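Descriptive structure summary
Next come the chains, spelled out residue by residue.
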Protein chains: 2
Amino acid sequence: MAAKSRPKSDAPDASDRVSRIREGVTAAILEHRLLPGTKLGEDEIGEIYGSSRTLVRTALQQLAHEGIVNIEKNRGAFVARPTPADAREVFEARRLIEPTIVDHAVDAVSPAWIGRLQRHLAEEREAELRGDARASVRLSGDFHRLVAEMSGHSIYLGFLKELIARSSLIILLYRRHDTPACGTDHHAGIVAAIRKRDREAARAQMLSHLNEIEAELFLKDPAADELRLADVLGV
Amino acid sequence: MAAKSRPKSDAPDASDRVSRIREGVTAAILEHRLLPGTKLGEDEIGEIYGSSRTLVRTALQQLAHEGIVNIEKNRGAFVARPTPADAREVFEARRLIEPTIVDHAVDAVSPAWIGRLQRHLAEEREAELRGDARASVRLSGDFHRLVAEMSGHSIYLGFLKELIARSSLIILLYRRHDTPACGTDHHAGIVAAIRKRDREAARAQMLSHLNEIEAELFLKDPAADELRLADVLGV
DNA sequence: CGGGCGAGGATTGTATAAAGTTTCGCCTGT
DNA sequence: ACAGGCGAAACTTTATACAATCCTCGCCCG
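Presented here is an overview of the structure given in this document. Per chain, residues are indexed from 1 in the order of the written sequence. To read the labels, note that chains go from A and ligands from 1, taken in the order they are written. Confidence filtering applies because this is a predicted model: local features only for residues at pLDDT of at least 70, side-chain atom pairs given and counted only at 80 or more, and all residues used for totals across whole chains, interfaces and linings.

**A short note on the overall build of chain A**
- Elements are defined by DSSP. Helices are runs of H or I of four residues or more, strands are runs of E of two residues or more, and each kind is numbered from the N terminus. Tallying secondary structure elements over chain A gives ten helices and three strands in all.
- Note on burial: count the other C-beta atoms lying within 10 Å of the residue's C-beta; 20 or more is buried, 12 or fewer is exposed, in between is partly exposed, and C-beta positions come from the backbone. Considering chain A as a whole, with its 235 residues, one finds that 32% of them fall into the buried category.

**Looking at the sheet that holds strand S1 (residues 39–40) of chain B**
Residues and elements named next belong to chain B.
- Ordered in space as S1-S3-S2, the three strands form an open sheet in which the pairing is antiparallel. Here the strands that pair on one side only, and so sit at the sheet edges, are S1 and strand S2 (69–72).
- Each residue gets a C-beta atom placed from its backbone, and two residues are in contact if those atoms lie within 7 Å. Axis definition: a line fit to C-alpha positions, over the contact stretch in the case of helices; interaxial angles, taken between N-to-C directions, run 0 to 180 degrees. Most of the contacts of helix H3 (residues 53–66) go to S2, to which it runs at about 115°, and overall it touches S1, S2 and strand S3 (76–79). DSSP bridges decide pairing: two strands pair if at least two such bridges lie between them.

**Some points on the relation of the copies chain B and chain A**
- Least-squares fitting of chain B to chain A yields an RMSD of 0.0 Å, with the superposition described by an axial translation of 0.0 Å and a rotation of 180°. Put plainly, the chains are arranged around a two-fold axis.
- Of the residues that chain B buries at the interface, 100% are likewise interface residues in chain A, meaning the two copies contact each other through the same surface. Least squares is the method for superposing the copies, and the C-alpha atoms it fits come from residues with pLDDT of at least 70 in both.

**Digging into the protein's contact with DNA strand D**
- Any residue whose C-beta atom, as placed from the backbone, lies within 6 Å of a molecule or strand is termed near it. In the neighbourhood of DNA strand D, 16 residues make up the surrounding shell, with Glu42(A), Gly76(A), Ser52(B), Thr54(B) and Asn74(B) lying closest.
- Among the secondary structure elements, those contributing two or more residues to the surface near DNA strand D are helix H2 (42–49) of chain A together with H3 of chain B.
- The element that contributes the greatest number of residues to the surface near DNA strand D is H3(B), accounting for three residues.
- Just so you know the grouping, Ala, Val, Leu, Ile, Met, Phe, Trp, Tyr, Cys and Pro go in nonpolar, Asp, Glu, Lys and Arg go in charged, and all remaining residues, Gly too, go in polar. The class makeup of the residues in the surface near DNA strand D is two nonpolar, seven polar and seven charged.

**With respect to the sheet that holds strand S3 (residues 76–79) of chain A**
Residues and elements named next belong to chain A.
- With respect to topology, three strands assemble into an open sheet ordered S1-S3-S2, the strand pairing being antiparallel. If you trace the sheet from one side to the other, it starts and ends with strand S1 (39–40) and strand S2 (69–72), each paired once.
- Of the pairings in the sheet, the one linking S1 to S3 comprises two bridges and is antiparallel in character. Bridge pairing in S3 places Lys 39 opposite Phe 78.

**Focus on unusual backbone geometry**
- Of note, the phi angle at Asn74(B) is positive, near 65°, even though the residue is not glycine.
- Structurally, the position occupied by Asn74(B) is in the loop between S2 and S3.

**Regarding the nonpolar core**
- Take the buried Ala, Val, Leu, Ile, Met, Phe, Trp, Tyr and Cys residues, join any whose C-beta atoms are within 7 Å, and the set you get is a nonpolar core. One finds Val102(A) and Val102(B) to be the most contacted residues of the largest nonpolar core, which totals 104 residues.
- Among residues more than four places away in sequence, those in contact with Val102(B) are Val147(B), Ile190(B), Ile194(B), Ala202(B), Arg203(B) and Met206(B).

**Looking at the protein's contact with DNA strand C**
- With respect to spatial proximity, 14 residues lie near DNA strand C, and among them Ser52(A), Thr54(A), Gly41(B), Glu42(B) and Gly76(B) are the closest.
- Elements represented by at least two residues in the surface near DNA strand C include exactly helix H3 (53–66) of chain A together with helix H2 (42–49) of chain B.
- Looking at which element gives the most residues to the surface near DNA strand C, the answer is H3(A), with three residues.
- Of the residues that constitute the surface near DNA strand C, the class distribution is one nonpolar, seven polar and six charged.

**Some details on the environment of Ala77(A)**
- Following the sequence through the fold, Ala77(A) ends up in strand S3.
- With near-sequence residues (within four places) excluded, Ala77(A) lies in contact with Leu40(A), Leu60(A), Ala64(A), Val69(A) and Ile71(A).

**A short note on the environment of Tyr174(B)**
Residue and element names in this part refer to chain B.
- Inspection of the secondary structure puts Tyr 174 in helix H7 (residues 154–174).
- Sequence-wise, Tyr 174 and Pro 82 are 92 residues apart; in three dimensions their C-alpha atoms are separated by 9.7 Å.
- Those residues in contact with Tyr 174, other than ones at most four positions away along the chain, are Ala 87, Leu 217, Phe 218 and Leu 219.

**Concerning the packing of helix H4 (residues 84–107) of chain A against H7(B)**
- Remark: H4(A) packs on H7(B), axes separated minimally by 8 Å, with the N-to-C direction vectors making an angle of 55°. On the basis of their axis angle, the class for H4(A) and H7(B) is oblique. From H4(A), Glu89(A), Val90(A) and Ala93(A) reach across to H7(B), where they touch Ser154(B), Ile155(B) and Tyr156(B).
- Across the contact of H4(A) with H7(B), the residue classes break down as four nonpolar, one polar and one charged. By definition in this entry, angles of less than 35 degrees are roughly parallel, angles greater than 145 are roughly antiparallel, angles of 65 to 115 are roughly perpendicular, and the rest are oblique.

**A few points about the interface of chain B and chain A**
- Taken residue by residue, the interface counts 16 residues in chain B and 17 residues in chain A.
- For the side of chain B that touches chain A, the elements supplying multiple residues, two or more each, are H3, helix H4 (84–107) and H7 of chain B.
- With five residues, the single largest contributor to the side of chain B that touches chain A is H4(B).
- Tallied by class, the residues present in the side of chain B that touches chain A amount to seven nonpolar, seven polar and two charged.

**Some words on helix H8 (residues 184–195) of chain B**
All names here are of chain B.
- One less than the residue count of a helix, multiplied by 1.5 Å, gives the span that helix is expected to have. The terminal C-alpha atoms of H8 lie 16 Å apart, and with twelve residues this matches the ideal 16 Å at 1.5 Å per residue to within 8%.
- Buried residues of H8: His 187, Ile 190, Val 191, Ala 193 and Ile 194, and no others. An end-on view of H8 places all buried positions within 160° of arc, on one side of the element.
- Following H8 by one or two positions, Arg 197 has its phi on the positive side, about 55°. The arc in question is the one traced by the directions running from the helix axis out to the C-beta atoms.

**Quick word on the pairing of S3(A)**
Residues and elements named next belong to chain A.
- Burial along S3 is one-sided: Ala 77 and Val 79 are buried, while Gly 76 and Phe 78, pointing the other way, are not.
- Pairing of S2 with S3, which is carried by four bridges, proceeds in the antiparallel orientation. The partner of Ile 71 across the bridge, within S3, is Ala 77.
- As consecutive antiparallel partners, S2 and S3 are separated by three residues, and within that stretch Asn 74 has a phi angle of approximately 65°, a positive value.

**Quick notes on the packing of H8(B) against helix H9 (residues 199–215) of chain B**
Residues and elements named next belong to chain B.
- Contact geometry for H8 and H9: axes closest at 8 Å, N-to-C directions at 165°. As summarised for this structure, H8 and H9 are arranged roughly antiparallel, according to the angle between their axes. Note that H8 runs across H9; the crossing there is left-handed. Facing His 186, Gly 189, Ile 190, Ala 193 and Ile 194 of H8, the residues of H9 in contact are Ala 201, Ala 202, Gln 205, Met 206 and His 209. Crossing handedness follows the turn of the near helix against the far one: under a right angle anticlockwise gives a left-handed crossing, and clockwise gives a right-handed one.

Structure follows, in structure tokens:
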């Protein structure tokens, strides 16, 4: 019985080639290196990862299911461009789910988890200090994902992964330019509340954190120009 | 202007061959015609729908993402077999999301929607009357989906579709044998509350409905027999 | 007679080729 | 000069062929 065989593992193996493509493209989108509307050609990506279009196609379909890629029939895959209505839905869902998640995280508190959270906070602060906007965006989302993992609820985790990915696109599209550094402080406060096992404080801080993020957005009509036309005559 | 061309439609066209496979297999699973653990061979399904394995694979991958099919590497696709832990997570998520959904449904109330809901209730009653268990199971899930559509929140709708599909498997696996007819009455009560625009009543009835469904389950360790062995030595 | 081992068959994973659709440039006609 | 249409190129979609992996069953050895 070799210990290396894990027949029932559904965890995203890094050794899986499809996962590598999916995670690479996801990272590029979440770090705002691929902008909404960008065409994701199958040949193009396949060349980059040295794989055939079959695997690229699989990865793109998974991303489409997660909502960060749109596949238009016979036209190809594009980085999604969430509408303001989508944005409101995403943040409403996060306001519903994430307070519950931190609640569960309080139940799972342990030295190991507190250590992971604080190590993450350190990473976030460091990235922000050196002005690495891309890493900051990615780490900010990772914080929420980490709390969801801590909660131990695989379904909430799956839902939140989708919501975080979409949020990243939304923030890119609709953030006001004059916003200060985002919520590393908030994250620290949430960790402190979790550490003290203070359910109510944790829930409240998570909620206000989400509200502040959404308040920094400008969710008037589409990005104004082009989309308006398309709406008037297309749909 | 031919009405048949809908270039921007992302709705699941019945004309799409992948969708037809996906919906066919989903219906078979939700109606308890395909039992958990059943092998879903690619050739087998491809033959049935007259399609090549490429399309079948796409459909199966989508179902895997929805959680009602497990794909094991180099072994194939199987109808999922949710654990009691999965079941608890699914119902906790439903208790969180569905009260919020009915809340939104109250905002969307209109004669057309009330009509659709009542027509659905009639269908449910009829199926139950003639003892069609398969149709009953499917329609019971469809009721919740219909309310989610009415809420107009596409994200909640997507989440709930997953939860409903998983619930159907869970009910099949863990329902107590002595349960009476399920909750058509509950559904009628929820519709009545929505119609009267009574938010609190609607939320409360939805919540108690979900609680009753879960109370009818026997979520002690696996389905007892076979799985116990597998757990002891396999995983 | 029981257990390990290996070849054969079946099934999945990956790549490539054929078919269909869209897009863009060019060309013609007014 | 410009609008409209034809045609070729590029891309996506679907099917098929090839490679790799796993399961089964029979054989051989202890």
